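Reading the structure
Spelled out from the first residue to the last, the chains are:
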Amino acid sequence: MGKDGLDEILQGVSRAFIVTDRFMHESGKVSYLTEPLEARKIAYQIFSEVKPDPDIATVTKGIGKMLEFQPQVLFALGGGSPIDAAKAMNWLSVQGGLDKKRIFVAIPTTSGTGSEVSRFSVISDPEQSAKYPLVSDELLPDAAILDAELVRSVPPAVTADTGIDVLTHAVEAFVSTGANDFTDAAAEKAMKLVRSNLMKVYKNPDDLQARQEMHHASCLAGLAFSNAGLGLNHGMAHTLGAHFHIPHGRANGILLPYVMAFNAGCHEQLTPVAARYARIARVLRLDGPSIRQSAFSVVRTTKQYMKQLHIPDSIEAAGVSREDFDAVLDEMVEAAYQDACTKTNPRACSKEDIRGVFLRAYTGRLI
């Protein structure tokens, strides 16, 4: 729904709690919610301590503030981090028997995570350099407001990172072991929208129509992966981002061509998954005369697309030294292997397989 959906959401509400980040609060962008709340004389409290990759301590503190205020509506306003934090706060407070269920509304200010329609939330543990995916239908917001005006000012680098997150969600959902006709339809449409609009908004941030289309792509990809699952790419991106503080979408983009090449069997014999990538090639009008050529085409084109968006084409190009990479490689392999997202990867992978993908992604050797 658009902003006019607030009228319906706020009927009969007297107290609202807003989870956001410091920038949204201090820049005044939180007025998107506070102005209509004040106009209706609805009491509200803002929790703006969410940082990128929200951690356990932040979620715990937020729960305390929310329980103290006792809102009827919980709003999450921001990118993936505030929405993930609010989802975890809302879910854990109810699951822990601390509070009753309330109306939960997500309002994304980036077009990337799809968190507003997914049953996932990712919370970090800085002490362990780890990210933990929470998975439950109870994490789903009750409503989402998609308004392109909120993403008009997003800078090109963030537009690229979040847009590639959308593409990765759609690609992984499409080849996931949990894919079905419904998730395929959402993933295919999301990929088409990314193909048609991401480069437009990267080059022209004020293209509001393209912004809205990317918002829709993000939501559709979120619907797809929330129901089909993700894969190795996210399993690896979670630990890579946690260790080297690489934004999540960028980590996904760096890894995507290498994970696709592994899944399709580009390094040895083609796997059955190659046929799914060939279908993606058809969706993106990159298909060739054979499954092999189509699968290779979509892998190579994906890597070229990253360059056009100025996303590093390897882990090394992202500024990670070989010494630092080698020092945590074993930890990252183990974390990716254990990650819940990896469980729905279309090709079974051992720890040695994951190590090989990490090494190729570090050096930039695709095929």
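Residues numbered from 1 in each chain as written. Predicted model: local features only at pLDDT ≥ 70, side-chain atom pairs only at ≥ 80, totals over all residues. Heavy atoms only, no water.

Re the overall build of the protein
Selection criterion: By definition, any uninterrupted DSSP run of H or I lasting at least four residues is a helix, any uninterrupted run of E lasting at least two residues is a strand, and each is numbered from the N terminus. Surface exposure here means Shrake-Rupley accessible area, sampled with a 1.4 Å probe, where a residue is shielded only by the protein chains that are shown. In this tally Asp and Glu are treated as negative and Lys and Arg as positive; neither His nor the chain ends contributes. Each charge is placed at NZ for Lys, CZ for Arg, CG for Asp and CD for Glu.
Helix and strand counts for the protein stand at 14 helices and seven strands. With the C-alpha coordinates of the protein rotated into their principal frame, the extents come out at 65 × 40 × 35 Å. Working note: accessible area of the protein is about 15000 Å², and carbon and sulfur atoms make up 50% of it. Mean positive and mean negative side-chain charge positions of the protein (38 and 43 charges, respectively) differ by 5 Å.

Looking at the UniProt feature "domain: Fe-containing alcohol dehydrogenase-like C-terminal" (unreviewed entry) in the protein
Worth spelling out the cut-off: UniProt positions are given in the numbering used here, feature names are shortened, and annotations may be inferred rather than shown by experiment.
Those residues carrying the UniProt feature "domain: Fe-containing alcohol dehydrogenase-like C-terminal" (unreviewed entry) are residues 159-362 in this numbering. Each end of residues 159-362 is marked by a C-alpha atom, and these two atoms are 24 Å apart; helix forms 73% of the span and strand 0%.

Description of helix H5 (residues 80-95)
Our working rule: By definition here, a helix of n residues has an expected span of 1.5 Å times n minus one. The rule is simple: take the accessible area with a 1.4 Å probe, protein chains only, and divide by the maximum for that residue type; under 20% is buried, over 50% is exposed, in between is partly exposed.
If you check H5, its first and last C-alpha atoms are 22 Å apart, about what 16 residues at 1.5 Å a residue would give, namely 22 Å. Of all the 16 residues making up H5, 13 are buried; the element is thus mostly covered by neighbouring parts of the structure. Looking at the residues trailing H5, positive phi occurs at Gly97, about 75°.

Let's talk about a positive patch on the surface
Heads up, the rule is: Here a patch means residues that are over 30% exposed by relative accessible area and free of salt bridges, tied together within 9 Å if like-charged and within 5 Å if nonpolar (Val, Leu, Ile, Met, Phe, Trp, Tyr). Take a side-chain nitrogen of Lys or Arg and a carboxyl oxygen of Asp or Glu: if they are within 4 Å of each other, that pair is a salt bridge.
A cluster of basic side chains, namely Lys189, Lys192, Arg195 and Arg285, defines a positive patch on the protein surface. With respect to the secondary-structure elements, Lys189 resides in helix H7 (residues 181-203). Using a relative accessible area of 43% as the deciding quantity, one classes Lys189 as partly exposed.

Section: the sheet that holds strand E3 (residues 73-78)
What counts is decided by this rule: If DSSP finds at least two bridges between two strands, the strands pair.
Taken in spatial order, the five strands make up an open sheet running E2-E1-E3-E4-E7, and their pairing is parallel. Edge positions in the open sheet fall to strand E2 (43-50) and strand E7 (143-144), since each of these has one partner strand only. As defined by bridge partners, E3 adjoins strand E4 (residues 103-108) across six bridges and the pair is classed as parallel. Bridge assignment links Leu74 to a residue of E4, and that residue is Phe104.

Concerning the nonpolar core
Note the following rule: We define the nonpolar core as a collection of buried residues of types Ala, Val, Leu, Ile, Met, Phe, Trp, Tyr and Cys that are connected through side-chain atoms lying within 4.5 Å of one another. What makes two residues a contact is simply this: any of their non-hydrogen atoms within 4.5 Å.
The biggest cluster of nonpolar side chains holds 76 residues, and the ones touching the most others in it are Met191, Tyr277, Ile315 and Phe358. Those residues within four positions of Tyr277 in sequence are excluded, and the remaining contacts are Val171, Val175, Val259, Met260, Asn263, Ala264, Ala295 and Val298. Val50, Ala85, Ala106 and Ile123 belong to the second-largest nonpolar core, a separate cluster that totals 21 residues.

Remarks on the environment of Ile315
In this structure, Ile315 sits in the loop between helix H12 (291-308) and helix H13 (322-338). Those residues in contact with Ile315, other than ones at most four positions away along the chain, are Leu240, Ile254, Leu255, Val320, Phe325, Phe358, Ala361 and Tyr362.

Thoughts on the side chain of Thr159
The cut-off we apply is this: Under this definition, polar contacts are N or O atom pairs within 3.5 Å; protein pairs additionally need one hydrogen-donor-capable and one acceptor-capable atom, and for neighbouring residues in sequence, both atoms have to be side-chain atoms.
Its place among the elements puts Thr159 in helix H6 (residues 156-175). When its relative accessible area of 4% is taken as the criterion, Thr159 is described as buried. Here the side chain of Thr159 touches Val154 through a polar contact of 3.5 Å, landing on its backbone oxygen. At 3.0 Å, the side chain of Thr159 and the side chain of Arg211 are in polar contact.

Concerning the pattern of salt bridges
Scanning the entire structure with this criterion turns up 14 salt bridges. One salt bridge connects Asp99 with Arg102, and the closest N-O pair in it is separated by 1.9 Å. Residue Asp99 shares its accessibility class with Arg102, and that shared class is buried. Two residues, Arg355 and Asp330, come together in a salt bridge whose shortest N-O distance is 2.5 Å. Here Asp330 lies in helix H13 and Arg355 lies in helix H14 (residues 351-363), a separation of 25 residues in the sequence. Salt bridges here are not isolated pairs; linked through shared partners, they connect Asp330, Glu352 and Arg355.

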